[in-house]
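# Geometric and topological summary
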Amino acid sequence: MTDACSTNQSRTPGHQWAGQNGWSAASPPLGKPLPSFQQLSLGPPSDQRPGRDHLQVSNPGCLSDLRNNSQSMAFTNNSDLSVQHFIPNARVSHVVPTSSQERNVPPCSLPLTNKGSQPSDPQQISEYSPHSPYQAISAPFHPPYSHHVSLNGPQSLHQTPISPPSFRQCANQNPRRAHQPAFEKANMESAVGAGYFHNAASPNSPVQQQPQWALPPQSRGNIKEFVPSAVQDGSISPQSPHSESRYGLDPELLPNAVKVMAEDRAEWEGKVFVSEPFSQLPPLATTSCIVEDRGNTSPFAIRSTSYCLPCEGQTALLSRLPLGALVAPLSKQNAGEQPVPLCEEPECVLGCSCCGASMCRAMGWQDCGQRFYCPFCGKLSEVSWQHYQPTSGVEGARVDKDKRPELSMGSYEILHSQKGEPAALLLAIDVSASALRGGHLEFVTQQIRSLLHSLNSEDGDALSDVRVGLMTYDSRIHLYDLSPALSRPHMLVIMETEDLQLPVTEGLLVSLKDCIHSVDSVLQLIPQFSAECDDSSGVPMELPVKAGLAILQALSSPGKLLIFHTASLTEMVHTSSSSGFFGSNKPKSIFQPSEPAISLAKECVRQGCGVHLFVLSQQDVGGAWPGHIPYLSGGALHSYSHLQGDLDRECFSTDLKRIIETHTGYRAELRIFVSKDLRVSGCYGLFLPGPRPSQVAMATLDQWTTLAVELSHTRGLDEKRGVAIQTVLSYSTQTGDRRTRVHTLTLRCSRHLQDAFCHYQAQTLLTFYSKKMYCAVLERPLQELREELQTEVTEALASYRKHCSSSSVSAGQLVLPQYLRALPVYINSLRKSEVLLPGLRNSVHQRLQQRCQVLGMDTSGTATHFYPQLLPLQLSAEDSNPPSPEQALRCRALSLEPRGLYLVHAPLTLLLWVGAQVPASTLVELFNTSCFSALSSGETKLPVLENPLSISIRSLVDTLNSQVPCARKLWVVKQGDTCEEALQRHLVEDKSPNGGASYADFLYHLHINSVRLLQ
């Protein structure tokens, strides 16, 4: 299913090569001078084709020469740490249009610029459709006045070159640290050579003053058109057809996401980040470091989009970047970190009696410790006499603060006195005719038996005493009474599946140590079953889910339901006419689950049943996608091809073991509290949305479960008090204990827009946008979502350029905040992902699967998914050390050399690219073949060879596979082979096979559109 482009009144189709790039042609081919604004031509009508990922150039004349020329560089002073890209030898001159030059210029595809060159009124900004189930229904914040920006015309017809500032004046002010050493000369030269410059204004710089929000009334005036100089450099290096820019931009001069991550690792790798109240920017999610909790929760539990929030809602709207946080309530602690402290419920100081927020360090004590002020509701609460302690010091802290985690820590856990039923493990195996013919049931039952025996042998482990249930199904349900009092298990057959009723409940869930022999005997007999029913019409996937739910509900137990399915999947027939695709007036999407699936998923959430579906045969492309219920209940969908090959069997064993052994919370209820002057306006992730976005119910969750929370202002914030965000997760453990995990994050707030921009991080914004957009595909057209992403980033760059950068910045300079250098390449990768921009080779099932997998990723996994690691491998045994993340290369075809081996690591994919000129000795040591043509492409398992090179690479593959939540197959991609398209989808800086634009072209459009907004 392709995404149809929305109609534009002034759209002009582009050239054929432009359509392949995903843009409409708004610029001449490479090697020719850029024409004036009036000279832009889209080619003859006979050669016009619309681009699929449609984006149009608006006023290319506002960008000075964007050609490769590194002979002279000019930099300007900026008010904060920012990246300014200036293409030298830029000359601007006024062009007088002639009759032969006058042509219609295609308008910018941004809805904002189609209405003129003024930014939109903040009161008219629509952040989300009102019918979205993930957002609050209440009206958004309306600022007391509208914002108008006057046109900024050029100061002169000829631009004067700007001299670079003195190195002594470039005192870096890193928001993370109080002081930072000045740049050394070598670092300065490397920055200049890279094409961008980190610059901070001197303390006397006037642009560091507070921005003036009371702006003059809107004034339009004539926009002067300019033409870039036609300077060409004959020394441009040849580029890959997929990497080259349509506008002659040198990719080496563009902001480098790999360098951003490498710089962060160099600063924080293996070090300790002290998380204190109102702390500065934390390390990136892709950096491994130790977090010390000193009153603020770990950034791996709550990571704010900005660590300095604007005080006023008007200022927040002016930034055009979202306010929110990424929440991972059960995030796993890194090695070397202290575990989350656990305290008994009777011993904990109770939280706010008005709003229900839990006790935390952000509470303010008054009246010598008898009352405390709650920042989440602004009210006072009394302290019970059992927990009273006096206060001391100027700050009014309690004398027992250091002895109580709820008073001194950012994260802690409460163990409640009441205890529920322990979680169960329920196995449902398909024994239909197609399953018995497949020949894989023996392998599946053998793997289950081995895993259960290993769990039974682990004394003291929580899973060693887990309650186990077993059932088989075709068109009927076969239950097994596993009571230890019976000499052998009894089978109970349920014929009536429409209104499913359990004949008995005793013996359906039995402790593993008491039923291990009974389960083992049944599993041995399952492959010997004979087919009794015809499954040519398929087996509804809801059938085992309803049976498993009935068992768990009868015994009031949460648990995991593992379904091993083989027959063709069908949807159950329902008599309600509104369940059909055309039976309702609601907007329809291929991503929307059916009403019966939603109803069944809600029952799973109420019971705390996480469904994990193993599809053991290749399903038809046109069949029903069975993943809605598993993913909405906290489970997952795993597909295999009949389990005949070693790779499929290895992945199955890994997935089965990981699902059972993963630490899981059941019957989870998440409540989100924010400061009284903020509100939770939206929540995005893999869950069923409820009436309030600040309360989320989930059947199960694990360490990777991450939600995106969107915030908005209700009134102005107090700069002295700051902002507090708290998440309270109530869940049940494997043993039935009821616990509450509390995370609290306190942030600074400022009246300066510049402070908010300086405390954003690109990876956090990428994760937030991906979850928000992937939830929005249920209700909104894909074209509209792609345009919204482009619009928000463009307006954010324009806002930063106007209010936070130096007034001497020329139109040819790209100005980015320091920690948002990688944002354009991340957003472009998100825009052209298979979910938002489908390709010809992407099936609907693949897109549905990828959407759910990305929604369940944490921040680190999301960043690696949209910008994979490209690791160069050594070619000889002498240099067989595994590559480190610091050695990663940029994701583009230019990074690949024919004599090299490269490993592409993403959470869902692992590719090994083999160049055509790799030495034969390397092929022998790694693949046990000396001929490149004899090497097979596709899914491969590296042979076990006893040489340092083979051992090193196989060890690296195992390490990378242990870092992802699901098993992956290694794909070998040969240079020039037909399967190289799988690699091209991960080279996100290049043009993608589905029509997405390259990073250089996307950045070009972002820049000129942001400049046009200010004219």
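In this report, the structure presented in the accompanying data block is examined.

### Examining the overall build of the chain
The number of helices and strands found in the chain is 22 helices and 38 strands. Scored against the burial criterion, the 1015 residues of the chain give a buried share of 58%. Within the chain, counting contacts between residues at least 6 apart in sequence, those at least 24 apart form 77% of the total. When the accessible surface of the chain is totalled, it reaches about 40,900 Å², and 50% of it is carbon and sulfur.

### Considerations on the sheet that holds strand β38 (residues 970-974)
Here we have 5 strands laid out as an open sheet, ordered β34-β35-β36-β38-β37, and mixed in their pairing. Looking at strand neighbours, the two that pair on one side only are β34 (869-873) and β37 (938-940), the edges of this open sheet. Here the average twist between neighbouring strands, direction ignored, is 30 degrees. As paired elements, strand β35 (residues 901-906) and strand β36 (residues 909-914) share 6 bridges and run antiparallel to each other. Bridge pairing in β36 links Tyr902 to Trp913. Strand contacts of helix α20 (residues 948-961): β34, β35 and β36, with the helix running at about 10 degrees to β35, the strand carrying the most contacts.

### A short note on helix α19 (residues 920-927)
Burial in α19 covers these residues: Thr922, Leu923, Leu926 and Phe927. All buried residues of α19 fall inside an arc of 100 degrees around its axis, so they share one side. Buried residues along α19 sit against β35, β36, α20 and β38. Just downstream of α19, Asn928 is the residue with a positive phi angle, here 60 degrees.

### With respect to unusual backbone geometry
With a phi angle near 60 degrees, Phe278 is a residue other than glycine that sits in the positive phi range. Its place among the elements puts Phe278 in the loop between β5 (272-275) and β6 (290-293). At Ser556, a position not held by glycine, the phi torsion is positive, near 50 degrees. If you trace the backbone, Ser556 turns up in the loop between α9 (542-554) and β23 (559-565). Exposure remark for Ser556: the relative accessible area of 42% places this residue in the partly exposed category.

### What to know about a nonpolar patch on the surface
Among the surface-exposed residues, Met491, Val493 and Met495 lie close enough to one another that they form a single nonpolar patch of about 290 Å² accessible area. You can see Met491 is positioned in strand β20 (residues 490-494).

### Description of the nonpolar core
Ranked by size, the top nonpolar core spans 158 residues in total, and within it Leu903 and Leu912 carry the most contacts. The element that contributes the greatest number of residues to this core is helix α14 (residues 762-776), accounting for 9 residues. Not counting residues up to four positions away in its chain, the partners in contact with Leu912 are Leu873, Tyr902, Leu903, Leu926, Phe927, Leu942, Leu970, Trp971, Val972 and Val973. Ranked by size, the runner-up nonpolar core spans 37 residues in total, among them Leu425, Val444, Leu562 and Leu643.

### Notes on the pattern of salt bridges
Counted according to the given criterion, the structure contains 29 salt bridges. A salt bridge links Glu421 to Arg467; its shortest N-O distance comes to 3.6 Å. With a gap of 46 residues between them, Glu421 in the loop between β16 (411-419) and β17 (424-430) and Arg467 in strand β18 (residues 467-473) connect regions that are remote in the sequence. According to the relative accessible area criterion, Glu421 is partly exposed, its value standing at 37%. Its salt-bridge partner being Glu650, residue Lys941 comes within 3.1 Å of it at the nearest N-O pair. With Lys941 in the loop between β37 and α20 and Glu650 in helix α12 (residues 646-661), this pair connects stretches of sequence that are 291 residues apart. What makes Glu650 partly exposed here is its relative accessible area of 39%.

### Some words on the side chain of Thr864
For Thr864, the location among the structural elements is in helix α18 (residues 859-866). Classification of Thr864 as buried rests on a relative accessible area of 11%. Apart from residues lying up to four places away in sequence, Thr864 is in contact with Thr286, Gln869, His905, Ala906 and Pro907.

### Focus: the packing of helix α7 (residues 441-457) against α12
Where α7 meets α12, the axes come as close as 11 Å, and the angle between the chain directions of the two elements is 35 degrees. Handedness of the α7/α12 crossing: right-handed. Between α7, through Phe443, Val444, Gln447, Ile448, Leu451 and Leu455, and α12, the contact on the second element is made entirely by Arg649, Phe652, Ser653, Leu656, Lys657, Ile660 and Glu661. For the contact of α7 with α12, the per-class residue count stands at 8 nonpolar, 2 polar and 3 charged.

### Some points on the environment of Gln695
Locating Gln695 in the fold gives a position in strand β29 (residues 695-701). By relative accessible area, Gln695 is classed as partly exposed at 41%. Separated by 32 residues in sequence, Gln695 and Thr727 place their C-alpha atoms 9.9 Å apart. Once residues within four sequence positions are removed from consideration, Gln695 is found in contact with Leu670 and Arg671.

Conventions and cut-offs
Residues numbered from 1 in each chain as written. Predicted model: local features only at pLDDT ≥ 70, side-chain atom pairs only at ≥ 80, totals over all residues. Heavy atoms only, no water. Helix = DSSP H or I, 4+ residues; strand = E, 2+ residues; numbered from the N terminus. Buried < 20%, exposed > 50% of the residue type's maximum accessible area, 1.4 Å probe, protein only. Contact = heavy atoms within 4.5 Å. Areas by Shrake-Rupley, 256 points an atom, 1.4 Å probe, with all protein chains shown as cover. Pairing = 2+ DSSP bridges. Axes fitted to C-alpha atoms, helices over the stretch in contact; angles between N-to-C directions. Arc of directions from axis to C-beta. Patch = residues over 30% accessible without salt bridge, like charges linked within 9 Å, V, L, I, M, F, W, Y side chains within 5 Å. Salt bridge = Lys/Arg side-chain N within 4 Å of Asp/Glu carboxyl O. Core = buried A, V, L, I, M, F, W, Y, C linked by side-chain atoms within 4.5 Å. Left-handed = near helix turned anticlockwise from the far one by under 90°. Nonpolar A, V, L, I, M, F, W, Y, C, P; charged D, E, K, R; others polar.

Without other data, these values stay purely geometric and don't point to any function.
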